[in-house]
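# Observations on the model geometry
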Amino acid sequence: MLLQRSLLPLLPVLLLLAGEVPLAAARGGMRVDIDEETWPEVLAGGRWFIKFYAPWCDACRSLAPTWQNLAASEDLPRDVSIAQVDVTRNEALAGMFLVTGLPSLYMLHDGQFWQHSGDRSLPALLRYIQQAEYARLPPLPWYRVPTALHMRCLGRLIQAAVRLKKLHTHLVEERGLPSPLAYLVLALATLVSGLVAGLVLVCLCDLLSARRRHRQQEAAAVPGDAKGDSAKVDKPDEASGEDSDELAESPRPATSGQQVRKRGVRKETS
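An unreviewed UniProt entry lists the protein chain under the name Thioredoxin domain-containing protein, with Macrostomum lignano as the source organism. For the protein chain, the Subcellular location (unreviewed entry) comment in UniProt is given as "Endoplasmic reticulum membrane".

In structure tokens:
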């Protein structure tokens, strides 16, 4: 029983390591590894202090103990989550933040982002969070916000470029291809894949437009036939109406009695 009580505070940590606790349940006083799958949960709310690092970076190794102590500090506000992103495994996230130096620290609060560039000692980082020193500084401008569409596209482009570089290294070091030949193979593969993707896109657009034109023709054919039939039916009525008007306006021939009377009137006047 005593052993169970002693292990109870470590239960969230053990479940997190086992992958059975969602990211939102691990927030507050615990270091969290963020990837592309858990990134939407980070944007859900709260305050996040995020570190971008690489395993081969010496400065990142020097900051690692301070970052771990920051996550385990009792003075850390409970609504703040200490997180980190491995740029070698999450190229898209690193591209979205436009990370150009390692380690890079960012604060996320209420949809706004601040880049920390000051002192990185433990007391300075705690003061930066507790006193909300980031709020006194201007956040990242709109063209640098990671959640913007153009920054997400930039992240995908950087991810594709990094993967092409890794493929080139694989072809040269493991397959034994010369570096120029490996670049040529990658260029041809990119060109062919682009042509195939463009052809598929054109075919899909043509198919959709053909269906739309066919529906428009069917919709326009029904009113046209009905209108033509009604016009055909109405033509005799219109013709008969015109003929009746002409007959009504044309003078009727005078009878013989009327002609005799007119002659008598003419003689008397003369």
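A side chain of one charge can pair with a side chain of the opposite charge if their charged atoms are brought near each other. Tallying each qualifying case throughout the model produces six salt bridges. For E133, the salt bridge goes to R127, with nearest N and O atoms at 3.4 Å.

A word on the pairing of strand β3 (residues 80-86). Regular strands place side chains that alternate from one sheet face to the opposite one. Burial within β3 is extensive, with seven of its seven residues counted as buried. The two faces of β3 match: V80, I82, Q84 and D86 on one face and S81, A83 and V85 on the other face are all buried. The sheet contact formed by strand β2 (residues 47-53) and β3 spans seven bridges and is parallel. Directly across from F52, in β3, lies its bridge partner V85. Viewed along the sheet, the connection from β2 through helix α4 (residues 58-72) into β3 turns out right-handed.

Bringing the side chain of H116 into the picture now. Turning to its location among the elements, H116 is positioned in strand β5 (residues 112-116). In this structure H116 comes out as buried when scored by relative accessible area, which is 7%. Looking at H116, its side chain comes within polar contact range of the main-chain oxygen of D119, at 3.0 Å. Excluding residues within four positions of it along the chain, H116 makes contact with F49, L105, L125 and Y128.

A separate point is the packing of α4 against helix α6 (residues 122-130). Two elements in contact, α4 and α6, have axes whose closest approach is 10 Å; the angle formed by their N-to-C orientations is 45 degrees. What the angle tells us is that α4 and α6 run oblique. As for the relative orientation of α4 and α6, their crossing is right-handed in sense. For the pair α4 and α6, the contacting residues are T66, W67, N69 and L70 in the first and L122, L125, L126 and I129 in the second. Grouping the constituent residues of the contact of α4 with α6 by class yields six nonpolar, two polar and no charged.

Cut-off values and rules
Residues numbered from 1 in each chain as written. Predicted model: local features only at pLDDT ≥ 70, side-chain atom pairs only at ≥ 80, totals over all residues. Heavy atoms only, no water. UniProt positions renumbered as here; feature names shortened; annotations may be inferred. Salt bridge = Lys/Arg side-chain N within 4 Å of Asp/Glu carboxyl O. Buried < 20%, exposed > 50% of the residue type's maximum accessible area, 1.4 Å probe, protein only. Helix = DSSP H or I, 4+ residues; strand = E, 2+ residues; numbered from the N terminus. Pairing = 2+ DSSP bridges. Right-handed = clockwise from strand over helix to strand, strands pointing away. Polar contact = N/O pair within 3.5 Å; in protein donor to acceptor, adjacent residues only side chain to side chain. Contact = heavy atoms within 4.5 Å. Axes fitted to C-alpha atoms, helices over the stretch in contact; angles between N-to-C directions. Parallel < 35°, antiparallel > 145°, perpendicular 65-115°, else oblique. Left-handed = near helix turned anticlockwise from the far one by under 90°. Nonpolar A, V, L, I, M, F, W, Y, C, P; charged D, E, K, R; others polar.

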